[in-house]
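What follows is each chain in one-letter form.
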Amino acid sequence: MDQVAFGVLGPVTAERAGLPLALKGPRHRAVLARLLVARGRVVPVARLVADLWQEPPPAAVGAIRTFVGDLRRALEPDRPPRTPARLLVTDGPGYALRADKVDAWLFEQAVAAAAQEEPARAAHRLREALELWRGPAYAEFADEQWCGGERARLTELRLRAVEQRAGALLAADRAAEAVPDLDAHLTGHPWREEAWRLLALALYRTGRQGDALAVLRRARATLAGRLGLDPGRALRRLEAGILAQDPGLDAEPQTAAARVWSQAAEAYDRNVAAGAGARLESTVGLLRTLAVTGSGGLAAAREHRLAAITAAEETGDPELTARVIGAYDVPAIWPRSDDEPGAARIVRATERALVRLPATPAQDAARCRLLATVALETRGTRSARAVAAAAEAERLARRLDDPALLAFALNGVFMQSCTRTGLAPRRDTVGTELVALAARHGLATYEVLGHLIRTQARAALADFATADAHATAADRLAGRHELPLVRVFTQGYRALRLAATGGTAHGGGGTDAAEAAYREVGRLLDGPGMPGVRDGLLPLALLCLRLAGRPHGIREAVDPGADWGPYLCWIRPALALAADGERAARDALRELPEPPADLVQEALWCVVAAVALELGDRPTLHRCLTALRPAAGQLAGAGSGLLTAGPVDDWLRAIGEAVVTP
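**Looking at the overall build of the protein**
Point 1. Helix and strand content of the protein: 31 helices and three strands.
Point 2. The C-alpha atoms of the protein give 28 Å as radius of gyration, which agrees with the globular expectation for 662 residues (26 Å, within 12%).
Point 3. Taking the principal axes of its C-alpha atoms as reference, the protein extends roughly 90 × 70 × 60 Å.
Point 4. Counting over 662 residues, the protein shows a buried share of 51%.
Point 5. For the protein, long-range pairs separated by at least 24 residues make up 65% of all intrachain contacts whose partners lie at least 6 apart in sequence.
Point 6. Side chains of the protein carry 82 positive and 79 negative charges; the gap between the two charge centres is 1 Å.

**Some details on the packing of helix 8 (residues 193-205) against helix 9 (residues 209-227)**
Point 1. Two numbers describe how helix 8 lies on helix 9: the axes approach to 7 Å, and their chain directions differ by 165°. The angle between helix 8 and helix 9 falls in the class roughly antiparallel. When the axes of helix 8 and helix 9 are compared, the crossing they make is right-handed. Taken together, the residues of helix 9 that come into contact with helix 8 (itself represented by Glu193, Trp196, Leu199, Ala200, Leu203 and Tyr204) are Gln209, Asp211, Ala212, Val215, Leu216, Arg218, Ala219, Thr222 and Leu223.
Point 2. Classifying every residue of the contact of helix 8 with helix 9 gives ten nonpolar, two polar and three charged.

**Some remarks on helix 7 (residues 175-188)**
Note on helix geometry: an α-helix contains 3.6 residues per turn, so any two residues three or four positions apart are oriented the same way.
Point 1. Between its terminal C-alpha atoms helix 7 stretches 21 Å, which fits the 20 Å expected from 14 residues at 1.5 Å a residue.
Point 2. Close packing links the buried residues of helix 7 with helix 6 (148-171) and helix 8.

**Quick notes on the pairing of strand 3 (residues 94-97)**
Point 1. Of the two faces of strand 3, the one carrying Gly94 and Ala96 and the one carrying Tyr95 and Leu97 are both buried.
Point 2. Relative to strand 3, strand 1 (residues 43-44) runs antiparallel, the two being bridged by two bridges. In the strand pairing of strand 3, Pro44 is matched with Gly94.
Point 3. Sheet analysis places strand 2 (residues 88-91) next to strand 3, joined by four bridges and oriented antiparallel. Bridge assignment links Asp91 to a residue of strand 3, and that residue is Gly94.
Point 4. Here strand 2 folds back onto strand 3 in antiparallel fashion, the turn holding two residues, of which Gly92 has a positive phi close to 60°.

**Considerations on the sheet that holds strand 2**
Point 1. On the basis of which strands lie adjacent, the open sheet formed by three strands has the order 1-3-2 and antiparallel pairing. The sheet terminates laterally at strand 1 and strand 2, the two strands that pair on one side only.
Point 2. Where helix 1 (residues 26-37) meets the sheet, it contacts strand 1, strand 2 and strand 3, and its direction lies at approximately 75° from that of strand 3.
Point 3. Sheet strands in contact with helix 3 (residues 60-75) are strand 2 and strand 3, and its direction is about 140° off that of strand 2.

**Things to note about the packing of aromatic side chains**
Point 1. Overall, the coordinates contain two aromatic pairs when judged by the stated rule.
Point 2. Centre to centre, the rings of Phe107 and Trp133 are 5.6 Å apart; their planes meet at 80°, and the pair counts as edge-to-face. Remark: Trp133 occurs in the loop between helix 5 (119-130) and helix 6 and Phe107 occurs in helix 4 (residues 103-114); sequence separation between them is 26 residues.
Point 3. Take Phe107: its relative accessible area is 0%, and that puts it in the buried class.

**Notes on the nonpolar core**
Point 1. Judged by nonpolar contacts, the single largest core of 136 residues is most densely connected at Trp334, Leu540, Leu543, Ile554 and Leu643.
Point 2. Top contributing element to this core by residue count: helix 29 (residues 601-615), with twelve residues.
Point 3. If sequence neighbours within four positions are ignored, Ile554 has contacts with Leu543, Leu547, Ala574, Leu577, Val607, Ala610, Val611 and Glu614.
Point 4. Residues Leu32, Leu88, Trp105 and Ala168 belong to the second largest nonpolar core, which totals 76 residues.

**Looking at unusual backbone geometry**
Point 1. With a phi angle near 55°, Arg39 is a residue other than glycine that sits in the positive phi range.
Point 2. Mapped onto the elements of the fold, Arg39 is located in the loop between helix 1 and strand 1.
Point 3. For Asp401, which is not a glycine, the phi torsion comes out positive at approximately 55°.
Point 4. Note that Asp401 resides in the loop between helix 17 (384-400) and helix 18 (403-415).
Point 5. Looking at Asp401, the relative accessible area reads 66%, which means it is exposed.

**Considerations on empty space enclosed by the protein**
Point 1. With the rule as written, the count across this model stands at four cavities of 30 Å³ or more.
Point 2. Estimated volume of the largest cavity: approximately 680 Å³.
Point 3. Leu298, Val330, Pro331, Ala332 and Arg379 are, among the 34 residues lining the largest cavity, the residues nearest its centre.
Point 4. Contributing elements (two or more residues each) for the lining of the largest cavity: helix 13 (297-314), helix 15 (340-356), helix 16 (364-377), helix 20 (444-460) and helix 22 (486-501).
Point 5. In terms of residue class, the lining of the largest cavity is made up of 23 nonpolar, four polar and seven charged.

**Details of the side chain of Arg454**
Point 1. Mapped onto the fold, Arg454 is located in helix 20.
Point 2. In this structure the side chain of Arg454 is engaged in a polar contact, spanning 3.2 Å, whose partner is the side chain of His470.
Point 3. Here Arg454 is in contact with Asp428, Gly431, Thr432, Thr466 and His470, once residues within four sequence places are set aside.

**Observations regarding the environment of Arg217**
Point 1. Of note, Arg217 is situated in helix 9.
Point 2. The exposure class assigned to Arg217 is exposed, which follows from its relative accessible area of 52%.
Point 3. Considering only alpha carbons, one finds Arg217 and Glu239, 22 residues apart in sequence, at a separation of 9.2 Å.

Parameters at a glance
Residues numbered from 1 in each chain as written. Predicted model: local features only at pLDDT ≥ 70, side-chain atom pairs only at ≥ 80, totals over all residues. Heavy atoms only, no water. Helix = DSSP H or I, 4+ residues; strand = E, 2+ residues; numbered from the N terminus. Rg over C-alpha atoms; globule rule 2.2 N^0.38 Å. Buried < 20%, exposed > 50% of the residue type's maximum accessible area, 1.4 Å probe, protein only. Contact = heavy atoms within 4.5 Å. Lys, Arg positive; Asp, Glu negative; His and termini not counted. Charge placed at Lys NZ, Arg CZ, Asp CG, Glu CD. Axes fitted to C-alpha atoms, helices over the stretch in contact; angles between N-to-C directions. Parallel < 35°, antiparallel > 145°, perpendicular 65-115°, else oblique. Left-handed = near helix turned anticlockwise from the far one by under 90°. Nonpolar A, V, L, I, M, F, W, Y, C, P; charged D, E, K, R; others polar. Expected span 1.5 Å × (residues − 1). Pairing = 2+ DSSP bridges. Phe/Tyr/Trp six-rings, centres within 6.5 Å; stacked < 30°, edge-to-face > 60°. Core = buried A, V, L, I, M, F, W, Y, C linked by side-chain atoms within 4.5 Å. 1 Å grid on protein atoms, 1.4 Å probe; cavity = no way out; pocket = protein on both sides within 12 Å on 5 of 7 lines; lining within 4 Å. Points joined across faces, edges and corners; volume = space filled by probe spheres on them. Polar contact = N/O pair within 3.5 Å; in protein donor to acceptor, adjacent residues only side chain to side chain.

In structure tokens:
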């Protein structure tokens, strides 16, 4: 079970949380709810005990472990014995829930995403989000202090979402649809001035001027009678506008772009058969655009892309399936997947399509796209199959002399260029070709990709003048072609530049300026739907900032309270060391796997090296030396374009001295 929808927007019940009959006890549900309230953060066992019992029994800690074991078996019934849990995980002193789909979290994401949508789409998304509510949040635990804050937060968010949807309906010239929901909303929450304003405006726009004024009189009486308050400025201004029949209160005319979109969509629905394969191919075209729009577009594109591939496979037509898979040629810059289970499903479907596709020259372009898809979706894995697929896709694209196909194939080559450290020059070569190819043939998104790749690669080589130029070019193109996600990477590069130069390039600022810049990047990452980039990045960037030039400062640099996300495995030895657990730190080093084949592997090796230097752990230092040596002369981790642990040469020198010291 990779994704679990828990019933927290309403009573948490065993059935709604997917728990078997044996786990219907209130303590099981309380543990589950307490972990949900933590929103992915670690809850120490001691905190769980204190929250679940007013007077904990002697065996309380053992009971918590039993409840957690029962929940793990329920949440991941197919997990092989003695394999680590993926949803309810042990982390340091406690437990954390790493589920992807929790209805409260999905609701919050949908509300945030709707704020970036055009009005009609926003209203639709908000309706779907509000349908997740089936009662008060965490109703079963209404009297528990530990969930009071989360209950209040979610309730306020829901009230705002109702009003946000009404505003979207008004903006979409659908005022009549907003009236019933606002009426019901105000029955339960008569102190919401914004709801009174929206209801009166909706009535006015539907030609009910008298009813609109009556609503404003009711609002005045209610606010005065219940709260002793006069209506706020917005309500007073609306009342004056209605009395004056202010033209500014009328619905704004639909823009030409919105009108064309609506008419074209209506014509498509009317003329293209519901079961036509063309619908699937057209859907993928929309998803390509959606994926680069920012907000929740990327996450939505991932979800619907999987559905489109599944639908194409169900037709039994391998050529249609190949077109649907291969048409999603969205440029990718980060070699860590945002959705590893989803990527694995896409790769399996792609491999099936490759087997079934007719082996004819006419299908070479489709085969090239499928191979590039394998390379892209198998990022960060050191898969020999993915490396070979990238090379074969590039060969086919060059032979076919198709610029768009070659750009897609080169993106796959880039994704497979992290198999070891020190490969920034190779990536720079790919970026250089992409920029020239895309500029020559009007492939704007790939031109941006090429500039971002060169920004990363030149940063790794400490060539900040060239990297600056490419970051600026990427920003310029992103503004022209409405690609808001690009700003995450260009702002991240500028934070890296501050970290690497001590803030001197733009008038000083030092470590504090770099840290502030990183925190701003963390804020930018909160909404775009890129967990593969976001999770654990800010703590790792700040750790690297503190370690740069200080290979022996790991105890003070590591933050034991941070959420390290996918990097926790390589941070765990440092956490153990910081807690004065040298034996645990040595054990963690012995069990440490190689970092993933991505753009931060050099930085992770430096973190590991810092721990090994503190402990004098020569076997681990030899591993670090072997791994980092190919990156000599470069900045550790700067190939990410987002963070750096300083010059690799400094680390090699410190490691070398420790290894040869008797």
